[in-house]
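Listed here are the chains, written in short residue letters.
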Amino acid sequence: RPTVFAYPYGCADEASTLAATRAFRWACTAEFRALDARALPAALPRLDMWYFQEPRSLDGWGTAWFAARIEARHGLRRVRRMAQRFTGGFGVKTR
């Protein structure tokens, strides 16, 4: 029996998180941040490796600079999601 779940497209609302809590030991969202003590087993964040393709891009792991880089990318992703909700899709709608 599987013990880990990945939310489809990282979408985790209260109901799906509760269901994952009952059925799995861990569940992974698409929230872009490093794992820390505040993470819930049913709503673990993840770092999308798309942003770490360059050689040595993980060299600063654990440093204040790396944490700031992760937080900045997390903020940019939040802004993009808000823009997508506002425009109804991935791009800006034009007539």
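The structure under discussion appears in the preceding block.
Quantities reported herein were computed from a predicted structural model and do not represent experimental measurements.

Basis of the calculations
- Residues numbered from 1 in each chain as written.
- Predicted model: local features only at pLDDT ≥ 70, side-chain atom pairs only at ≥ 80, totals over all residues.
- Heavy atoms only, no water.
- Helix = DSSP H or I, 4+ residues; strand = E, 2+ residues; numbered from the N terminus.
- Rg over C-alpha atoms; globule rule 2.2 N^0.38 Å.
- Buried < 20%, exposed > 50% of the residue type's maximum accessible area, 1.4 Å probe, protein only.
- Contact = heavy atoms within 4.5 Å.
- Areas by Shrake-Rupley, 256 points an atom, 1.4 Å probe, with all protein chains shown as cover.
- Lys, Arg positive; Asp, Glu negative; His and termini not counted.
- Charge placed at Lys NZ, Arg CZ, Asp CG, Glu CD.
- Pairing = 2+ DSSP bridges.
- Axes fitted to C-alpha atoms, helices over the stretch in contact; angles between N-to-C directions.
- Right-handed = clockwise from strand over helix to strand, strands pointing away.
- Patch = residues over 30% accessible without salt bridge, like charges linked within 9 Å, V, L, I, M, F, W, Y side chains within 5 Å.
- Salt bridge = Lys/Arg side-chain N within 4 Å of Asp/Glu carboxyl O.
- Phe/Tyr/Trp six-rings, centres within 6.5 Å; stacked < 30°, edge-to-face > 60°.

Draft legend 1. Layout of the overall build of the protein. Looking only at helices and strands, the protein has 2 helices and 3 strands in total. When the elements of the protein are put in sequence order from the N terminus, they spell out β-α-β-β-α. A compact globule built from 95 residues would reach a C-alpha radius of gyration of about 12 Å, whereas the protein, at 16 Å, exceeds it by more than 25%. With respect to the three principal axes, the spread of C-alpha positions in the protein is 45 × 40 × 20 Å. Every one of the 95 residues in the protein was classed for burial, and the buried ones make up 27%. The long-range share in the protein, meaning contacts at least 24 apart out of those at least 6 apart in sequence, stands at 15%. As displayed, the protein has an accessible area near 7,500 Å², and 62% of this comes from carbon and sulfur atoms. Taking the average place of the 16 positive charges on the side chains of the protein and the average place of its 8 negative ones, the gap between the two points comes to 5 Å.

Draft legend 2. Expanded view of the sheet that holds strand β3 (residues 44-46). Read across the open sheet, the 3 strands follow the order β1-β2-β3; overall the sheet is parallel. Single-partner strands in this sheet number two, and they are β1 (4-6) and β3. Strand-to-strand twist in this sheet, taken as the mean axis angle between neighbours without regard to direction, amounts to 40°. Sheet analysis places β1 next to strand β2 (residues 26-32), joined by 3 bridges and oriented parallel. In the sheet register, Val 4 faces β2, and the bridge partner there is Trp 26.

Draft legend 3. Local environment of the pairing of β2. A crossover links β1 with its parallel partner β2, the connecting element being helix α1 (residues 14-23), and its sense is right-handed. By the bridge criterion, 2 bridges tie β2 to β3 in an arrangement that is parallel. Among the inter-strand pairings, Cys 28 is bridged to a residue of β3, identified as Leu 44.

Draft legend 4. Inspection of a positive patch on the surface at higher detail. Taken together, the side chains of Arg 78, Arg 80, Arg 81 and Arg 85 make up a positively charged region of the molecular surface. Tracing the chain through its elements places Arg 78 in helix α2 (residues 64-87). On the accessibility criterion, Arg 78 (37% relative accessible area) is partly exposed.

Draft legend 5. Main features of the side chain of Thr 17. For Thr 17, the position within the fold is in helix α1. Residue Thr 17 is classed as buried on the basis of its relative accessible area of 18%. Apart from residues no more than four positions distant in its own chain, Thr 17 is found in contact with Tyr 7, Ala 12 and Ala 42.

Draft legend 6. Seen up close, the packing of aromatic side chains. Counted according to the given criterion, the structure contains 7 aromatic pairs. Ring centres of Phe 5 and Tyr 7 lie 5.2 Å apart, and the angle between their planes is 85°; on these two criteria the pair is classed as edge-to-face. For Phe 5, a relative accessible area of 26% puts it in the partly exposed group. Ring geometry for Phe 32 and Tyr 51: centres 5.2 Å apart, planes at 75°, overall edge-to-face. One end of the pair, Phe 32, is in strand β2; the other, Tyr 51, is in the loop between β3 and α2, with 19 residues separating them in the sequence. One exposure class covers both Phe 32 and Tyr 51, and it is buried. One aromatic cluster is present, formed by Phe 32, Tyr 51, Phe 52, Trp 61, Trp 65 and Phe 66 through successive ring pairs.

Taken by themselves, the reported measurements are silent on function.
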